[in-house]
Every structure is written in structure tokens, then in C-alpha cells.
Amino acid sequence: MKLLDGKKCAESLVADISRKVGEYVASGLRKPHMTIILVGEHAPSESYVKSKIKSCGNAGFESTLLRFPESVTEAELLAKIAEVNADRTTDGLIVQLPLPKHINQQHVINAIDPEKDIDGFHPMNFGRMSLGQKAFRPATAYGICKLLQFYEIPVWGKHCVVIGRSNIVGKPISIMLSNDFEIGNATVTLTHIETPRELLLDETRRADIVIVAVGIPGFVTADMVKDGAVLIDVGINRLADGKIVGDADFENVKEKCSWITPVPGGVGRMTVAALMINTLMAYQNNFNLA
Ligand code: NAD
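Note that the structure is predicted; figures quoted are calculated from it, not measured.

Engineer: Honestly, the overall build of the protein in this entry has me stumped. Any pointers?
Structural biologist: Counting its secondary structure elements, the protein contains 10 helices and 11 strands. Computed over its C-alpha atoms, the radius of gyration of the protein comes to 19 Å, within 12% of the 19 Å expected for a compact globule of 290 residues. Each principal axis of the C-alpha distribution contributes one length, and for the protein these read about 55 × 45 × 35 Å. Relative to its 290 residues, the protein shows a buried fraction of 44%. Long-range pairs, those at least 24 residues apart, make up 69% of the contacts in the protein with a sequence separation of at least 6.

Written out as C-alpha cells, the structure is:
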């Protein structure tokens, strides 16, 4: 078993970005700039935002955090998004999810300028990504592709099973890996909560690559994967004792896998790195550098 080290891969990608940014700044351009909108005091969101800001610093980007209280109205939030959309000094905008229940998440996502939508959640980017066109790709899915590429894991022609169909992870990664994309051309089965258990097991037991994003600790057990499988664990679950674990029974499954992502230190780190790649792309688009 070998570890797909998201920390190492992310650091290497961010170092490359930082070198490029250094060249742009030396040529007289401003730094790339990410703006993050954070609503309320959700502990996991605080920690994700902190790591995004830290990574911006490592990449040589400016970052701005705009905080709003839990009580903010949808109209107030949309007004701020319109303001950031119009601000030419911001390249990428993230609205940290989840939002409070009284705010319609889709209204908010749809309000972000697709040219600044570095999370890749806007229907315009999701559509372009699905069609194989240039797009900001959803960061977690894109980060998984970059991790597979970094470790030269064969994907072309392989059988991949994705567990979980969320719009932010399961659905986009299943589309990206099945597309004729730089990391793609796999045969992908997308499974979800309504997939009968026996069918799920049939699929995972013959998969070359299993990607799990369900949010259930220990969901993927050793008997669910074949010898030599590659396992990408997207889950981030906090146990009662504060420990963070993924969706796989890591200690037992790892014995059967050729490659496996640790949690933490796997996909989470790659999500942030992919956001940096998307922000650099937004900046290059702004200055016609690409
Ligand atoms: P979600 O929480 O929105 O939905 C869960 C998905 O799991 C659903 O599509 C559901 O159909 C599927 N599911 C539930 N039970 C199932 C079962 N018994 N069999 C098959 N499928 C089942 O999904 P999400 O937002 O993608 O989050 C999943 C996990 O990934 C969470 O732990 C989340 O914290 C984590 N996550 C991590 C990152 C990262 O950067 N590492 C990013 C996003 C989400």
C-alpha cells in the first residue's frame, strides 16, 4: 500500500503557482486576489477558510475575508456578491458553504460572476465542465484529478466507482473521469443512497478505482474492494473525541489497496490546491495571460 499524499502534492502545485505569480509581479502586474465570504460561525467552515487564506499566502495571492453574521439576509448577501463581481481587483470569489437555512444556496451560487466562480459551482461552469470545455472545475473533483495525475495513477480505460452523488463532489468527479479530459477516459459507475446494497458491492468489488464521498465514517470496508484497488476517500467526519476520519475503514482497507488517500492529508489538501489553480486561471483570464 502506498499513500496518495495530498499535502506533498498540494505543496508542489502551490510552489509552482507561487513561482509563476512571482514572475507576473516582477513584470509589474498586481498579485492574484481571492475574496471569501463567510456567514455565521460554523466551526468546520472557519477551519476551511483558514486553510484557504493560508494557501493564498503560500501561492503569493492577496486574500480578503468578508464576514457576515448568521442573521444576514439573502438580499444583503446578493448585494455584496454584486459588489465583488464588479470589483476588478478581485479575480476569484468563494461563498463558503453551507449557508444558513433562510438563504437559498442556489440563488447565491447563481449570483456569482461565472468568470470569478473559482469553486466551479455556477451552472455555467458546471455545464462547460460537463461538455469538456474550458471551465473552473469544482475544486474537490479537480483536486482528485490532480492527485491521480501527480502519482501517475492510470485512469484511462479503468473502471471507476464513485459513491455519493453530491453536486460538489460525486457528480462532477464522475463526469470528469468519464470525459475525454486530461485525467479521464475511465468507465465510471455513479452510486448513491438509492443504489441497492448488492449492486453497490458488485460494483465496488470489481472497481480499479473507488472514490467515496458519503460522509459516513468507516463506510468502505475491506470486503468492499478488490486487491490492488486505488481508494480515494473524500469524507471528512469529526468523531465524538474530536478525531477527523474519512469514509473508509482506513486501517483495514489499506491492506488491500495499491494506493489510498489518508484523512486528513489527502483530498482536503487537494481541494485547496485546486482552488489556487482556479484562482490563477481567473487572474490569467483577467490579464489575457493564458
Ligand atoms: P453530501 O453530504 O451532500 O451527500 C452524501 C452523498 O452520499 C449523497 O449523494 C448520498 O446519495 C450518498 N450516500 C449516502 N448514503 C449512502 C449509501 N448508503 N450508499 C451509497 N451512497 C450513499 O455529500 P458531499 O457534500 O459530497 O460530502 C460527502 C463527504 O465528503 C462529507 O464527509 C464531506 O465533509 C466530505 N467533503 C470533503 C471535501 C474535501 O475537500 N475533502 C469536500 C467536500 C465534501
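Engineer: Help me out: how do you make sense of the nonpolar core in this one?
Structural biologist: The tendency in soluble globular proteins is for nonpolar side chains to be buried as a group. In terms of nonpolar packing, the biggest core is built from 83 residues, with I144, V210, I211 and L231 touching the most fellow members. Tallying contributions element by element places helix α10 (residues 267-286) first for this core, with 12 residues. Residue contributions to this core reach at least three from each of two domains, namely domain 1 (28-113) and domain 2 (139-268). For V210, the residues in contact, after removing those within four places along its chain, are V161, T204, V220, V225, A229 and L231.

Engineer: I tried to follow the sheet that holds strand β5 (residues 159-163) on my own but got confused; where do I start?
Structural biologist: Read from one edge of the open sheet, 6 strands run β1-β11-β8-β7-β5-β6, paired in parallel fashion. Of all strands in the sheet, those bounded by a partner on one side alone are β1 (2-3) and β6 (187-191). Bridge analysis of β5 against strand β7 (residues 209-212) gives 4 bridges, and the strand direction is parallel. Each residue of the ladder has a partner; that of I163, found in β7, is V212. Contacts between helix α7 (residues 170-178) and the sheet are confined to β5, β6 and β7, with β6 contributing the most and set at about 165° to the helix.

Engineer: So what exactly am I meant to see when it comes to the site of the ligand here?
Structural biologist: Taken together, 23 residues lie around the ligand, and S166, H192, I193, G215 and T271 are the ones closest in. Counting residues per element, the shell around the ligand draws most heavily on α10, which supplies 3 residues. Across the shell around the ligand, the residue classes break down as 10 nonpolar, 12 polar and 1 charged.

Engineer: Is there a simple way to explain the confidence of the model for the protein in this structure?
Structural biologist: Residues shown with low pLDDT carry predicted positions that ought not to be read at fine detail. Per-chain confidence: the protein averages 97 in pLDDT, with 100% of residues scoring 70 or above. Reported confidence for the predicted complex is 0.99 by ipTM and 0.97 by pTM.

Engineer: What's the story with the UniProt feature "domain: Tetrahydrofolate dehydrogenase/cyclohydrolase catalytic" (unreviewed entry) in the protein in this structure? I'm lost.
Structural biologist: The positions UniProt marks with the feature "domain: Tetrahydrofolate dehydrogenase/cyclohydrolase catalytic" (unreviewed entry) are residues 4-119. The annotated region residues 4-119 carries 50% helix and 16% strand content, and the separation between its end C-alpha atoms amounts to 23 Å.

Engineer: Sorry, what's going on with the environment of H159 here?
Structural biologist: Note on placement: H159 falls in strand β5. Here H159 falls in the partly exposed class, since 15 other C-beta atoms lie within 10 Å of it. The spacing of H159 and T204 is 45 residues in sequence and 9.5 Å in space, taken between C-alpha atoms. Setting aside its immediate chain neighbours within four residues, H159 contacts T187, R206, A207 and D208.

Engineer: What is the right way to look at helix α1 (residues 6-26) in this model?
Structural biologist: What sets the pattern is the α-helix's 3.6 residues per turn: residues three or four places apart point alike. Taking 1.5 Å as the rise per residue, α1 with 21 residues should run 30 Å; its terminal C-alpha atoms sit 30 Å apart, in good agreement. Buried within α1 we find G6, C9, A10, L13, V14, I17 and V21. Seen end-on, α1 carries its buried residues on one side only, within an arc spanning 120°. In α1, the exposed residues that point more than 90 degrees away from the buried face are A15, R19, G22, E23 and A26. Those residues of α1 hidden inside the fold are in contact with α2 (43-59), α6 (139-150) and α10.

Engineer: In this structure, what is going on with the UniProt feature "domain: Tetrahydrofolate dehydrogenase/cyclohydrolase NAD(P)-binding" (unreviewed entry) in the protein? I would like to understand it.
Structural biologist: The feature "domain: Tetrahydrofolate dehydrogenase/cyclohydrolase NAD(P)-binding" (unreviewed entry), as given by UniProt, occupies residues 138-285 in the numbering adopted here. The distance from the first to the last C-alpha atom of residues 138-285 is 18 Å, and the span holds 36% helix and 18% strand.

Engineer: Got a minute to help me understand the domain arrangement of the protein in this structure?
Structural biologist: Reports of interface size often rely on the accessible area that becomes lost once the parts have come together. Annotation of the protein at the domain level lists domain 1 (28-113) and domain 2 (139-268). Taken over C-alpha atoms, the centre of domain 1 sits 28 Å from the centre of domain 2.

Engineer: Sorry, what's going on with the packing of α6 against α7 here?
Structural biologist: Two quantities define a packed helix pair, namely the angle between the helix axes and the distance between the axes. Following both chains from N to C, one finds α6 and α7 inclined at 40°, their axes separated by 8 Å at the closest point. Between α6 and α7, the interaxial angle falls into the category oblique. The handedness of the crossing between α6 and α7 is right-handed. Residues A141, I144 and C145 of α6 touch α7, and the partners they reach there are P172, I173 and M176. Along the lines of polarity and charge, the residues of the contact of α6 with α7 split into 6 nonpolar, no polar and no charged.

Conventions we followed
Residues numbered from 1 in each chain as written. Predicted model: local features only at pLDDT ≥ 70, side-chain atom pairs only at ≥ 80, totals over all residues. Helix = DSSP H or I, 4+ residues; strand = E, 2+ residues; numbered from the N terminus. Rg over C-alpha atoms; globule rule 2.2 N^0.38 Å. Buried ≥ 20, exposed ≤ 12 C-beta atoms within 10 Å, placed from the backbone. Contact = placed C-beta atoms within 7 Å. Core = buried A, V, L, I, M, F, W, Y, C linked by C-beta atoms within 7 Å. Domains from an automatic or database assignment. Pairing = 2+ DSSP bridges. Axes fitted to C-alpha atoms, helices over the stretch in contact; angles between N-to-C directions. Near = placed C-beta within 6 Å. Nonpolar A, V, L, I, M, F, W, Y, C, P; charged D, E, K, R; others polar. pLDDT = per-residue confidence, 0-100. UniProt positions renumbered as here; feature names shortened; annotations may be inferred. Expected span 1.5 Å × (residues − 1). Arc of directions from axis to C-beta. Parallel < 35°, antiparallel > 145°, perpendicular 65-115°, else oblique. Left-handed = near helix turned anticlockwise from the far one by under 90°.

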